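Single-letter residue listing:
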Amino acid sequence: MAKNTSSSAFRKIDVDQYNEDNFREGEDDAVDSAAAGPDENEITSLLTQGKGVEALLSALQNAPLRCKNQHVKDHALNITLRVLLSIKSTQIDQAIDSVEQNDLMDVLMKYIYRGFEIPSEGSSGHLLQWHEKAFAKGGVGCIVRVLSDTNRA
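Residues numbered from 1 in each chain as written. Predicted model: local features only at pLDDT ≥ 70, side-chain atom pairs only at ≥ 80, totals over all residues. Heavy atoms only, no water.

- Identification of the protein as Actin-related protein 2/3 complex subunit 5 from Drosophila lebanonensis is taken from an unreviewed UniProt entry.
- The heading Sequence similarities (unreviewed entry) in the UniProt record of the protein holds the text "Belongs to the ARPC5 family."
- The UniProt entry for the protein carries this comment under Function (unreviewed entry): "Functions as component of the Arp2/3 complex which is involved in regulation of actin polymerization and together with an activating nucleation-promoting factor (NPF) mediates the formation of branched actin networks. Arp2/3 complex plays a critical role in the control of cell morphogenesis via the modulation of cell polarity development." (UniProt positions renumbered as here; feature names shortened; annotations may be inferred.)

### Quick notes on the packing of aromatic side chains
So, step 1. Across all of its chains, the model carries one aromatic pair by this definition.
So, step 2. Measuring from ring centre to ring centre gives 6.3 Å for Tyr 113 and Phe 116, while their planes differ by 55°; the resulting arrangement is tilted. One end of the pair is Tyr 113 and the other is Phe 116, both in helix H5 (residues 102–117) and three residues apart, which spans about a single turn.
So, step 3. A residue is classified by how much of its surface remains accessible, and Tyr 113, at 22% relative accessible area, is partly exposed.
So, step 4. Residue class for Phe 116 comes out partly exposed when judged on its relative accessible area of 27%. (Phe/Tyr/Trp six-rings, centres within 6.5 Å; stacked < 30°, edge-to-face > 60°. Helix = DSSP H or I, 4+ residues; strand = E, 2+ residues; numbered from the N terminus. Buried < 20%, exposed > 50% of the residue type's maximum accessible area, 1.4 Å probe, protein only.)

### Some remarks on the environment of Leu 77
So, step 1. Looking at the element boundaries, Leu 77 is found in helix H3 (residues 70–86).
So, step 2. What makes Leu 77 buried here is its relative accessible area of 3%.
So, step 3. In this structure, the C-alpha to C-alpha distance between Leu 77 and Gly 37, residues 40 residues apart in sequence, is 9.2 Å.
So, step 4. Discounting chain neighbours no more than four positions away, the residues touching Leu 77 are Tyr 111, Arg 114, Gly 115 and Ile 118. (Contact = heavy atoms within 4.5 Å.)

### With respect to the side chain of His 126
So, step 1. Looking at the element boundaries, His 126 is found in helix H6 (residues 123–148).
So, step 2. Judged by relative accessible area, His 126 falls into the buried class, the value being 12%.
So, step 3. For His 126, the side chain forms a polar contact with the main-chain oxygen of Leu 84, separated by 3.1 Å.
So, step 4. Residues contacting His 126, with those up to four places away along its chain left out, are Leu 84, Leu 85, Ile 87, Lys 88, Ser 89 and Ile 92. (Polar contact = N/O pair within 3.5 Å; in protein donor to acceptor, adjacent residues only side chain to side chain.)

Shown next as structure tokens:
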């Protein structure tokens, strides 16, 4: 037989807090370590020293992916595009080979697609070369992960 069902101990959870209308995804106020994005002074100094590959790795590792501030994301995009466009076509293979981790390859592909959204003089052709080399290393899975990811670069 069933035990006493008049007990209200099971009613201590407020189920209305899980209503879709009240749910807010990612509402934590914790500051992400990469929330500020890549350091522009560091990237600029690396580019002036001719270390484009190191500048690219620094920009990708400090990408503000989980940041909600669109201004920070746009600033990081401009810095990363400046790095991508400053690397010569002959150095793209070396730069792609230096990106060892798959998640950094996904971040690179995100920035390439974002670069296609805001074309400038000569950038589309150069970004297509980047896309070709990144696709050769990352494969179709890299593109699928980027297109299905909810965290935009």
